[in-house]
Amino acid sequence: MKKTVAAVVGGAFLLSPLQGSTCEIPLEGEMVQGGLVIGRVVAGTPVYIAEKKIRVSPDGLFIIGFGRNASPKVILKAGEELCILAVNTRIYKTTRIDGLPKRMVVPTDPADLKRIQEDNAAIRRVRRLDTDSSDFAVGFEWPLKGRISGVFGSQRVLNGVPRRPHNGIDIAAPSGTLVRAPAPGRIVLVHQDMFYSGKTVMIDHGHGLTSVYIHLSVIKVTEGQRVQSGHEIGRVGMTGRATGPHLHWGVSWFQTHVDPALLVKDMN
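A quick note: this is a predicted structure, and the numbers were derived from the prediction, not measured. (Residues numbered from 1 in each chain as written. Predicted model: local features only at pLDDT ≥ 70, side-chain atom pairs only at ≥ 80, totals over all residues. Heavy atoms only, no water.)

J.: Looking at this structure, I do not really get the pattern of salt bridges. What am I missing?
T.: Where charged atoms of side chains with opposite charge meet at close range, the side chains can pair. Per the stated rule, a full pass over the model turns up 6 salt bridges. Between arginine 90 and aspartate 259 there is a salt bridge; the shortest N-O distance is 3.1 Å. Residue arginine 90 is located in strand S10 (residues 89-91), and its partner aspartate 259 is located in the segment after strand S24 (256-258); the two are separated by 169 residues in the primary sequence. Take arginine 90 and aspartate 259: they sit in the same class, and that class is buried. Of the charged contacts in the structure, one is a salt bridge between glutamate 118 and lysine 114, with a shortest N-O distance of 2.5 Å. Note that glutamate 118 and lysine 114 are positioned in helix H1 (residues 110-127) at a spacing of 4 residues, about one turn of the helix. Residue lysine 114 is classed as partly exposed on the basis of its relative accessible area, which comes to 48%. (Salt bridge = Lys/Arg side-chain N within 4 Å of Asp/Glu carboxyl O. Helix = DSSP H or I, 4+ residues; strand = E, 2+ residues; numbered from the N terminus. Buried < 20%, exposed > 50% of the residue type's maximum accessible area, 1.4 Å probe, protein only.)

See below:
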């Protein structure tokens, strides 16, 4: 068994193997649960992650996202090069939130359930996109600055009921605070009233990488619109299931949620 050392990343404990496999494929990013890695190969080289072929740009770029519970060993194949990636594991905290309306924790009304199904279907459609854009290569910035009130991966207990882990980060800020696009992309979803997330915007950054911005008070973009880093997309609010004004910012590689905090520099 490999020895490990402990560190803290984005509010979670990180268990880092002291030794990992070597790989001749250039990779940049966080090799950790919740991390995102950008690789480069010779143009035209086929790339597989866990035996699934993934998109490679004309200049040889590809991305890999590691989910909250990603395996500590992931197989990457590019042409004849085979790598076993050592993915650092994390131990996540538990977050308890009380005082939410019962309807927002355990919905039973058929109309609410229908809305939730439609919302989830719309989000799944976006997260199936696999466009040839390489907007992700520009890098990410914070969409706003504020107090981090919720971290990626934490187990949520709402009104005493265990729910799904938190799949993004929450940034608390006064209502009306400007929210900017953290990276270039195309607006692929605008919804004025989702059941849980309220006013919601999603951006496609290419190769299956999308980002979501929820609980907004105002939306300033339209579907199909191109945005650059820093473009105003909306304002902080507390629409949907929220106990105070904040932005929930999430990033996904297809259906795999990754930690937005690992894509940006320290906020300070």
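We are not done yet, so read on.
J.: Just to check I follow, could you spell out the pairing of strand S9 (residues 81-86) for this structure?
T.: A regular strand carries its side chains on alternate faces of the sheet. Here 6 bridges tie strand S8 (residues 73-78) to S9, and the two strands are oriented antiparallel to one another. The residue bridging isoleucine 75 from the neighbouring strand is isoleucine 84, located in S9. From the end of S8 to the start of S9, which pair antiparallel, there are 2 residues, and glycine 79 there has a positive phi angle of about 60°. (Pairing = 2+ DSSP bridges.)

What is shown is where atoms sit, not what they do.
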